[in-house]
Amino acid sequence: MTSNRKRRKDMSNNFELIDVTLRDGSNAVNYQFSVEDTENIVKGLEKGGIRWMEIGHGLGLGATERTAIKALHSDEEYIASARIAAKEMKIGCFFLHTIGDKSDIDKAIDCGLDFLRVGPNANMEEIRESGKYIEYAKSKGLIVHCCIRKAYAVTPDELARQAKVVQAYGTDAVIIMDSAGTLLPNQTKEYIYAMKDQMRGCTAMKVGYHAHDNLSLAVACSLAAVEAGADYIDSCLKGLGRSAGNAPTEILTAALKRIGYDKGDFLILQDIAEEYIGRKASESLESISLSFGYAGFHSAFYEMIEKAAKDYHLDPRALVLETCRRERLNLTEKMIGDVAKKMSGF
Ligand SMILES: CC[C@H](O)CC(=O)C(=O)O
């Protein structure tokens, strides 16, 4: 008992929470966070003891400029307002190699960015394509995380091999993203252990975890990740995020405190969540999310499911489950259409 307590106490500063409300949560509010929301949430999180946060468009740098999904403000406006509001908070942004370019990284640095989170899907091709941005951001002095999306689509060993490749580009941390909220706590640990084993003795590269709450396990999986030795854990106020949302920051900090980790004042964080996120949170909850979590389905593919389900008069939930039995990483309209056709007996 005593040694357990001591071990936990010794570990209390060994990992960081990264609040991603203003980035992942932006997906849930149609990218309409205002500069005022940004300032209030940054100040509130900092008051609650959070030291790292991710902000900006849900799809990362350059998305407002280069996609049809426009945020209320530009990347520069979001970063500059967060920078002004923050005292010591580290401010980060997401980056997709399919959307952003190096000029976006330069502009973000000029506005005061501290860290960049480059997000390839869990396949070697995307990892390699993202590599040049990881190297570039490192050469410009940023802290860089490689957030491997849809990590559940490959085995823990395969993900660890991908992390090894990422490491060669100089990334400071690899974040395991359970983008569909499909992992169970014991599976979460397997991914962290595989990653740590792969890196053992040869690098200072850190490992993080980003949960989604489709099976209401985001907090449990995050705690499991901490227990397995994760260095970073992502969370959002009220769990506000894409699809079923993420691990709620205020609940996670309370649960962590119960087991001996002091990662923030959950009462302050709860007040901030109520004040600034309360009304927005319910908008992100959709009943279909449970099937996404069960099957390991990324919500970004849902439009294709909706269309095929309508065309073939199917229950979209059944189509999600059947599609994911065949493929979870690279879904196409044709593939989903073929599954729907087969299911409907055509
Ligand atoms: C497009 C970025 C994506 O939403 C990253 C993420 O949060 C996830 O995959 O869970």
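This one's a predicted model, so the numbers in the text were calculated from it and none came from an experiment.

(A) Fine view of the sheet that holds strand β6 (residues 173-177). The eight strands are arranged β1-β2-β3-β4-β5-β6-β7-β8 in a closed barrel whose pairing can be described as parallel. Looking at each pair of strands side by side, their axes are set apart by 25 degrees on average, direction ignored. Pairing analysis gives four bridges linking strand β1 (residues 16-19) to strand β8 (residues 232-235), with the strands arranged parallel. Opposite I18, over in β8, you have D234 as the bridge partner. On top of the sheet, helix α7 (residues 124-139) reaches β3 (90-95), β4 (115-118) and β5 (143-148); it is set at about 165 degrees to β5, its chief contact.

(B) Looking closely at the pairing of β4. Where burial is concerned, the two faces of β4 agree: the one with F115 and R117 and the one with L116 and V118 are both buried. Inspection of the sheet shows β3 paired to β4 by four bridges, in the parallel sense. Among the inter-strand pairings, F94 is bridged to a residue of β4, identified as R117. Each parallel crossover has a hand, and for β3 linked through helix α6 (residues 102-111) to β4 it is right-handed. When β4 meets β5, the two strands line up parallel, connected through four bridges. Its bridge partner lying in β5, R117 is registered against H145. The parallel pair β4 and β5, bridged by α7, forms a crossover whose chirality is right-handed.

(C) Seen up close, the domain arrangement of the protein chain. For the protein chain, the assigned domains are domain 1 (16-280) and domain 2 (297-344). At the junction of the two partners, domain 1 supplies 11 residues and domain 2 supplies seven residues. Summed over both sides, the interface of domain 1 with domain 2 buries roughly 810 Å², with 58% coming from carbon and sulfur. It is K150, Y152 and R242 in domain 1 that bury the most area against domain 2; as a group they hold 50% of the surface buried on that side. For the pair domain 1 and domain 2, the number of links is zero salt bridges. Run the count over domain 1 and domain 2 and you get three residue pairs in polar contact (both at pLDDT 80 or more).

(D) View of the site of the ligand. R23, D24, S179, H212 and R242 are the nearest of the 13 residues found near the ligand. The contact in question runs from an oxygen atom of the ligand to an N or O atom on the side chain of S179, over 2.6 Å. R242 is positioned such that a nitrogen or oxygen atom in its side chain is 3.1 Å from an oxygen atom of the ligand. Alone, the ligand offers 300 Å² of accessible surface; in the complex the protein occludes 97% of this.

Basis of the calculations
Chains are numbered independently. Their residues run from 1 in the order of the written sequence. Local features in this predicted model are restricted to residues whose pLDDT is 70 or higher, and side-chain atom pairs enter the listing and the counts only when it is 80 or higher, whereas totals over whole chains, interfaces and linings include all residues. Side-chain numbers come from the whole structure's heavy atoms, not from hydrogens or water. We treat two strands as partners when DSSP finds at least two bridges between them. Helix and strand definitions follow DSSP, with helices as H or I runs of at least four residues and strands as E runs of at least two, each counted in order from the N terminus. What counts as an axis is a line fitted to C-alpha atoms, over the stretch in contact for a helix, and the angles between N-to-C directions run from 0 to 180 degrees. Whether two residues touch is decided by their heavy atoms; if any such pair falls within 4.5 Å, the residues are in contact. Burial classes: relative accessible area under 20% of the type maximum marks a residue as buried, over 50% as exposed, and values in between as partly exposed (1.4 Å probe, protein chains only). Crossovers are marked right-handed if the path from the first strand over the helix to the second runs clockwise, as seen with the strands pointing away from the viewer. Per the annotation, domain bounds derive from an automatic or database assignment of domains. The buried area of a pairing is the accessible area, by a 1.4 Å probe, that goes missing from both parts when the two are put together, added over both. By salt bridge we mean one thing: a side-chain nitrogen of Lys or Arg within 4 Å of a carboxyl oxygen of Asp or Glu. Counted as a polar contact is a pair of N or O atoms within 3.5 Å, where, for protein atoms, one must be capable of donating a hydrogen and the other of accepting one, and residues adjacent in sequence contribute only when both atoms are in side chains. Put simply, a residue is near a molecule or strand once any heavy atom of it comes within 4 Å of that molecule or strand. We get accessible surface area from the Shrake-Rupley algorithm with a probe of 1.4 Å; when it comes to residues, only the shown protein chains can shield them.

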